[in-house]
Amino acid sequence: VHSVNPSALVYLNVPGTWSDPTIGYTVANEMITADHVDIIVPIADATGRGVIAAATTTTVANVSIIGTVEDQVTLAPSNMMTSVLLNTTAFMQMVVQNILNNSWSQIGGKVIDMNLGSLAPFHAYDSVIPASVKTLLADTSAGIDNGTIQVPFTYTPNPPNTP
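Here's what I pulled together on the structure shown here. (Residues numbered from 1 in each chain as written. Predicted model: local features only at pLDDT ≥ 70, side-chain atom pairs only at ≥ 80, totals over all residues. Heavy atoms only, no water.)

So, about the pairing of strand 2 (residues 64-69). Across the six residues that make up strand 2, a large majority, five, are buried. The handedness of the strand 1 (residues 39-40) to strand 2 crossover, carried by helix 2 (residues 45-57), is right-handed. Of the pairings in the sheet, the one linking strand 2 to strand 3 (residues 80-86) comprises five bridges and is parallel in character. The partner of Val-69 across the bridge, within strand 3, is Leu-85. (Buried < 20%, exposed > 50% of the residue type's maximum accessible area, 1.4 Å probe, protein only. Helix = DSSP H or I, 4+ residues; strand = E, 2+ residues; numbered from the N terminus. Right-handed = clockwise from strand over helix to strand, strands pointing away. Pairing = 2+ DSSP bridges.)

See below:
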């Protein structure tokens, strides 16, 4: 975000549950109405459903959503800009293969460098996203895949507060 717009504000809220859409709705509605958030990215299972509901029912215009894990366009066809996809099948295959090979000493507590992500189509936003942005995304994805772009891994145990 800051590489494109250094003055943009990025807000973070961790509701503390994956299973409460009411909390997701409340948190997102507050961010949208009070903080004027115009793009929201829920990473929160059922709690995220509440976030999506807030973004689609708010009286504030132009709230866009970036879904996560799978293409969530069916949850908000007009508001879902895209989704960050996670290839959980490839991850689980690797875990199972390591267990079968007896090469996995523990499950959990390990950091494994695997490129499991991709981007869903832009759906309703396809005509709005400039060709230059689509080219940049494609070039970036190819660079990550072929190793010419290294994605830094930073673990932050205590993320910063929102602005």
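Alright, that's what it looks like, and here's the rest.
Take the packing of helix 1 (residues 21-34) against helix 2 next. Contact geometry for helix 1 and helix 2: axes closest at 6 Å, N-to-C directions at 40 degrees. By the angle between their directions, the pair helix 1 and helix 2 is classed as oblique. The two elements helix 1 and helix 2 meet at a crossing, and its hand is right-handed. Where helix 1 approaches helix 2, its residues Pro-21, Gly-24, Tyr-25, Ala-28, Asn-29 and Ile-32 are matched on the opposing element by Ala-46, Thr-47, Gly-50, Val-51, Ala-53, Ala-54, Ala-55 and Thr-57. Class assignment of the residues belonging to the contact of helix 1 with helix 2 gives a composition of nine nonpolar, five polar and no charged. (Axes fitted to C-alpha atoms, helices over the stretch in contact; angles between N-to-C directions. Parallel < 35°, antiparallel > 145°, perpendicular 65-115°, else oblique. Left-handed = near helix turned anticlockwise from the far one by under 90°. Contact = heavy atoms within 4.5 Å. Nonpolar A, V, L, I, M, F, W, Y, C, P; charged D, E, K, R; others polar.)

Attention now goes to the sheet that holds strand 4 (residues 117-119). With mixed pairing, the four strands of this open sheet are ordered in space as 1-2-3-4. The open sheet has two edge strands with one neighbour each: strand 1 and strand 4. The pairing of strand 1 with strand 2 spans two bridges and is parallel. By the bridge assignment, Ile-40 is partnered in strand 2 with Ile-65. Of the strands in this sheet, strand 1, strand 2 and strand 3 are in contact with helix 2, which crosses strand 2 at around 160 degrees.

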